[in-house]
Amino acid sequence: EVQLLESGGGLVQPGGSLRLSCTASGFTFRSFAMSWVRQAPGKGLEFVSIISGSVGSTYYADPVQGRFTISRDNSKNTLYLQMNSLRADDTAVYYCVRDKMAVPSTRSAFDIWGQGTMVTVSS
Amino acid sequence: DIQMTQSPSSLSASVGDTVTITCRASQTISGYLNWYQQKPGKAPKLLISVASRLQSGVPSRFSGSGSGTDFSLTISSLQPEDFATYYCQQSYTTRFTFGGGTKVEMK
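So, a few notes on the structure that sits alongside this text. (Residues numbered from 1 in each chain as written. Chains lettered and ligands numbered in written order. Predicted model: local features only at pLDDT ≥ 70, side-chain atom pairs only at ≥ 80, totals over all residues. Heavy atoms only, no water.)

Some details on the side chain of A:R38
Residue and element names in this part refer to chain A.
At step 1: You can see R38 is positioned in strand β4 (residues 34-39).
At step 2: Judged by its relative accessible area of 5%, R38 falls in the buried class.
At step 3: One polar contact links R38 to E46, side chain to side chain, over a distance of 2.7 Å.
At step 4: There is a polar contact of 2.9 Å between the side chain of R38 and the side chain of D90.
At step 5: Apart from the residues within four sequence positions on either side, R38 is in contact with G44, L45, E46, V48, P63, V64, F68, D89, D90, A92, V93 and Y94. (Helix = DSSP H or I, 4+ residues; strand = E, 2+ residues; numbered from the N terminus. Buried < 20%, exposed > 50% of the residue type's maximum accessible area, 1.4 Å probe, protein only. Polar contact = N/O pair within 3.5 Å; in protein donor to acceptor, adjacent residues only side chain to side chain. Contact = heavy atoms within 4.5 Å.)

The structure is reproduced here in structure tokens:
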């Protein structure tokens, strides 16, 4: 069964850091680009970042550029999101998501989603 | 950056109705538009990619159309399990912007 399992969410103070992890199973992890998408409470979906399957090309949304870093370890089938300088408006459920493509492209579409992990930034 | 605008933001419909949701891009995105369905407390589900390609396992009552800047998602003969929020997403750029969502509620 294809599955994504996020971990690492929690409560953090403004200005703090957190690292999210996502463990994949049921598919050849290195063959797919992987992404993080977030959803603030009661709000819509917001793209955060994406990384290609093996080359390691990365892309970020403007609100997180310079503060968040996406990475992956294909030997461990794991995706990461290092989040620094966290702000209250980073509070959201963070979803780990698989792209249908190996490299982010015009034909990208997010076909497998994890259950999400909640990140709360508050003092 | 490309902005994606969905309309309406919500609608009320009955089982058996046909509903259409529209999504407009702030600039041309060719046909690179995806649609997702999200139910309360659940992760989104990919319904349609590249404007009109139905994903495996998605009922044929769902259909997508459009190109350039204007797109639509149509649900024919609405079923009880279709009451949910729907999002469009552009894949023309690597910013992968989502629309604000359309909530389909039961009348």
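Notes on the pairing of strand β4 (residues 33-38) of chain B
Side-chain direction in a regular strand flips from residue to residue, so the side chains alternate between the two faces of the sheet.
All names here are of chain B.
At step 1: In terms of burial, β4 is a largely internal element, six of the six residues being buried.
At step 2: Side-chain alternation along β4 places L33, W35 and Q37 on one buried face and N34, Y36 and Q38 on a second face that is also buried.
At step 3: With six bridges joining them, β4 and strand β9 (residues 85-90) adopt antiparallel strand pairing. Across the sheet, residue L33 finds its bridge partner in β9, namely Q90.
At step 4: Hairpin connection from β4 to strand β5 (residues 45-49): six residues lie between these consecutive antiparallel strands, with G41 at a positive phi of about 75°. (Pairing = 2+ DSSP bridges.)

As for the state of the cysteines
At step 1: In this structure the tally under the stated criterion is two disulfides over all chains.
At step 2: Between the sulfur of A:C22 and that of A:C96 lies a disulfide, 2.0 Å long from S to S. Here the S-S torsion is close to -75°, and the disulfide linking A:C22 with A:C96 is therefore left-handed. A residue pair is termed long-range when its members are at least 10 positions apart, and A:C22 in strand β3 (residues 18-25) and A:C96 in strand β9 (residues 92-99) qualify at 74 residues. For the pair A:C22 and A:C96, one class covers both residues: buried.
At step 3: In this model B:C23 forms its disulfide with B:C88; the gap between the sulfur atoms is 2.1 Å. Disulfide B:C23-B:C88: the torsion about the S-S bond is 70°, which places it as right-handed. You can see B:C23 sitting in strand β3 (residues 19-25) and its partner B:C88 sitting in strand β9, a full 65 residues away along the chain. There is no split in this pair, since B:C23 and B:C88 are both buried. (Disulfide = S-S within 2.5 Å.)

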